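Breakdown of the fold
One letter stands for each residue in the lines below.
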Amino acid sequence: MTEQTKEMKVDDIKTAAEEKTCPVQKALYFVTEFLAGPMCGRCFPCAMGSYEARIRLENLSGEGTKGDVLALRRIAEDMVEASFCKKGKDTGKFILDWIASGVFNEHVEGNCPDLQCAKLIEYRITPKKCIMCGECKRVCKFIAIHGEIGKSYKGGYLPYEIRQRRCTRCGECIKVCPEGAIVLTAAKAAEPVPA
Ligand code: SF4
Ligand code: SF4
Ligand code: SF4
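Residues numbered from 1 in each chain as written. Chains lettered and ligands numbered in written order. Predicted model: local features only at pLDDT ≥ 70, side-chain atom pairs only at ≥ 80, totals over all residues. Heavy atoms only, no water.

**Overview of the overall build of the protein**
In plain terms, the rule: Helix and strand definitions here come from DSSP, where helices need a minimum of 4 consecutive H or I residues and strands a minimum of 2 consecutive E residues; each element is numbered from the N-terminal end. Relative accessible area decides the class of each residue, using a 1.4 Å probe on protein chains only: under 20% of the type maximum gives buried, over 50% gives exposed, and in between gives partly exposed. Note on contacts: a residue pair is in contact if any heavy atoms of the two residues lie within 4.5 Å. With residues, only the protein chains shown are counted as cover, and all accessible areas are computed by Shrake-Rupley using a 1.4 Å probe.
For the protein, the helix and strand inventory stands at eight helices and four strands. Secondary structure elements of the protein occur, N-terminal to C-terminal, as α-α-α-α-α-α-β-α-β-β-α-β. In the protein, buried positions account for 39% of the 195 residues. A separation of at least 24 residues holds for 61% of the contacts in the protein among residues at least 6 apart in sequence. Total accessible area computed for the protein in this model is approximately 11,000 Å², and 54% of it derives from carbon and sulfur atoms.

**Looking at the site of ligand 3**
This is how the line gets drawn: Only heavy atoms are used to decide nearness, and a residue is near a molecule or strand if one of them lies within 4 Å of it. Any residue that is not Ala, Val, Leu, Ile, Met, Phe, Trp, Tyr, Cys, Pro, Asp, Glu, Lys or Arg is counted as polar, Gly included; the first ten are nonpolar and the last four charged.
Around ligand 3, 13 residues are found, and the nearest of them are Cys130, Cys133, Gly134, Cys136 and Cys177. A per-class count over the shell around ligand 3 returns eleven nonpolar, one polar and one charged.

**Topic: the packing of helix 4 (residues 66-82) against helix 5 (residues 86-100)**
What counts here: An axis is simply a line fitted to the C-alpha atoms; with a helix, the fit covers only the stretch in contact. Between two such axes, the angle follows the N-to-C directions and lies from 0 to 180 degrees. In a left-handed crossing the near helix is turned counterclockwise from the far helix by less than a right angle, and in a right-handed crossing that turn is clockwise.
As a packed pair, helix 4 and helix 5 sit with axes 7 Å apart at the nearest point and diverge in direction by 145°. Note on packing geometry: the crossing formed by helix 4 with helix 5 is left-handed. Residues Val69, Leu72, Arg73, Ala76, Glu77, Met79, Val80, Glu81 and Ala82 of helix 4 touch helix 5, and the partners they reach there are Gly88, Lys89, Thr91, Gly92, Lys93, Ile95, Leu96 and Ile99. Counted by class, the contact of helix 4 with helix 5 contains nine nonpolar, three polar and five charged residues.

**Here we look at the pattern of salt bridges**
For the record, the criterion: A side-chain nitrogen of Lys or Arg and a carboxyl oxygen of Asp or Glu constitute a salt bridge if their distance falls within 4 Å.
Enumeration over the complete set of coordinates arrives at ten salt bridges. Put simply, Glu18 and Lys26 hold a salt bridge, and the shortest N to O gap is 2.7 Å. The partly exposed category is assigned to Glu18, whose relative accessible area is 35%. According to the relative accessible area criterion, Lys26 is buried, its value standing at 12%. Taken together, the salt bridges that share partners define one network made up of Glu52, Arg56, Asp68 and Arg74.

**Points about the nonpolar core**
What counts here: Among buried residues, the Ala, Val, Leu, Ile, Met, Phe, Trp, Tyr and Cys ones that are joined through side-chain atoms within 4.5 Å form a nonpolar core.
Grouped together as the largest cluster of nonpolar side chains are 31 residues, with contacts concentrated most on Phe30, Leu57, Leu72 and Phe104. For this core, the secondary structure elements donating two or more residues are helix 1 (3-17), helix 2 (23-36), helix 3 (44-60), helix 4 and helix 5. The biggest single contributor to this core is helix 2, with seven residues. Formed by 14 residues, the second largest nonpolar core is a distinct cluster that contains Met132, Cys136, Cys167 and Cys173.

**Things to note about the packing of helix 3 against helix 4**
Note the threshold: Just so you know how the angles are binned, under 35 degrees is roughly parallel, over 145 roughly antiparallel, 65 to 115 roughly perpendicular, and the rest oblique.
Across the interface, helix 3 lies against helix 4 with an axial gap of 9 Å and an inter-helix angle of 155°. Classified by the angle between their axes, helix 3 and helix 4 sit roughly antiparallel to one another. Viewed along their axes, helix 3 and helix 4 form a crossing whose handedness is left-handed. Together, Pro45, Cys46, Gly49, Ser50, Glu52, Ala53, Arg56, Leu57, Asn59 and Leu60 of helix 3 and Gly67, Asp68, Val69, Ala71, Leu72, Arg74, Ile75, Asp78, Met79 and Ala82 of helix 4 make up the contact between the two elements. A class-by-class count of the residues in the contact of helix 3 with helix 4 yields eleven nonpolar, four polar and five charged.

**A short note on the environment of Ala53**
Examined against the element boundaries, Ala53 turns out to sit in helix 3. Judged by its relative accessible area of 0%, Ala53 falls in the buried class. Taking the C-alpha atoms as reference points, Ala53 and Thr32, separated by 21 residues in sequence, lie 9.3 Å from one another. For Ala53, the residues in contact, after removing those within four places along its chain, are Val31, Leu72, Ile75 and Ile95.

**Structural notes on the side chain of Gln164**
This is how the line gets drawn: N or O atoms closer than or at 3.5 Å make up a polar contact, with two conditions inside protein: a donor-capable atom paired with an acceptor-capable one, and, for residues adjacent in sequence, both atoms drawn from side chains.
Within the secondary structure layout, Gln164 lies in the loop between strand 3 (161-162) and helix 8 (172-176). Looking at Gln164, its side chain comes within polar contact range of the main-chain oxygen of Tyr123, at 2.8 Å.

**Considerations on the packing of aromatic side chains**
Note the threshold: Two rings belonging to Phe, Tyr or Trp (six-membered ring only in the last case) form a pair when the distance between their centres is within 6.5 Å. Interplanar angles under 30 degrees mark stacking, angles over 60 mark edge-to-face geometry, and anything in between is tilted.
Evaluation of the coordinates by the stated rule reveals four aromatic pairs. Each ring, one from Phe30 and one from Phe94, has its centre 5.2 Å from the other, and the planes form 85°; the classification is edge-to-face. Taken together, the positions of Phe30 in helix 2 and Phe94 in helix 5 put the pair 64 residues apart, joining distant regions of the chain. Ring geometry for Phe94 against Trp98: centres 6.1 Å apart, planes inclined by 50°, an arrangement best described as tilted. A residue pair is termed a helical-turn pair when its members lie 3 or 4 positions apart in one helix, as Phe94 and Trp98 do in helix 5 at four residues. A network of ring pairs unites the aromatic residues Phe30, Phe34, Phe94 and Trp98 as a single cluster.

Bear in mind that shape data such as this cannot, by itself, settle questions of function.
Right under this line is the structure:
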């Protein structure tokens, strides 16, 4: 692989990362792909920095702390300053740009404003909109939805609900609901979860 090809690969990864809207998910995607491809491991700030950055970003996708944000900033600054080549320096710059969005600190508070971090979001069924057709339960591979198909001759049937502890946030149910009754919300804003 020529140096030019390697540089293009970093650019391609950056372009793909920018398709996500959440800066934490952009950075996590970029660093994961960088580690899998262009990162050659020849210098410490980039090699060790990238591995630690991925761990810190995974933390921020769920139960991250201010310490994770501070550590990421330190890692990225070290990469910019001491990496041997442009790929490591660029990675550090990208991470610093994504941190500058301010959204990393919101994740520490338990909010993903773009609703892209799976551990910080929930799928919920709006009872008023649900026509009890059962489509969502049919497509859920994780048996996370319970409820009974509505029948005109029968009253008192079980309403459709998502069991949050089983839900993997795969998003398949929202695609098939004919009434738009399933919504994506911030987990922090939601009421206590059904078991
Ligand atoms: S900065 Fe360049 S030389 Fe150093 S590990 Fe990263 S890709 Fe390799
Ligand atoms: S998001 Fe996926 S796992 Fe969760 S209820 Fe919907 S289909 Fe099931
Ligand atoms: S697919 Fe939508 S309308 Fe049908 S049962 Fe599920 S939430 Fe209700």
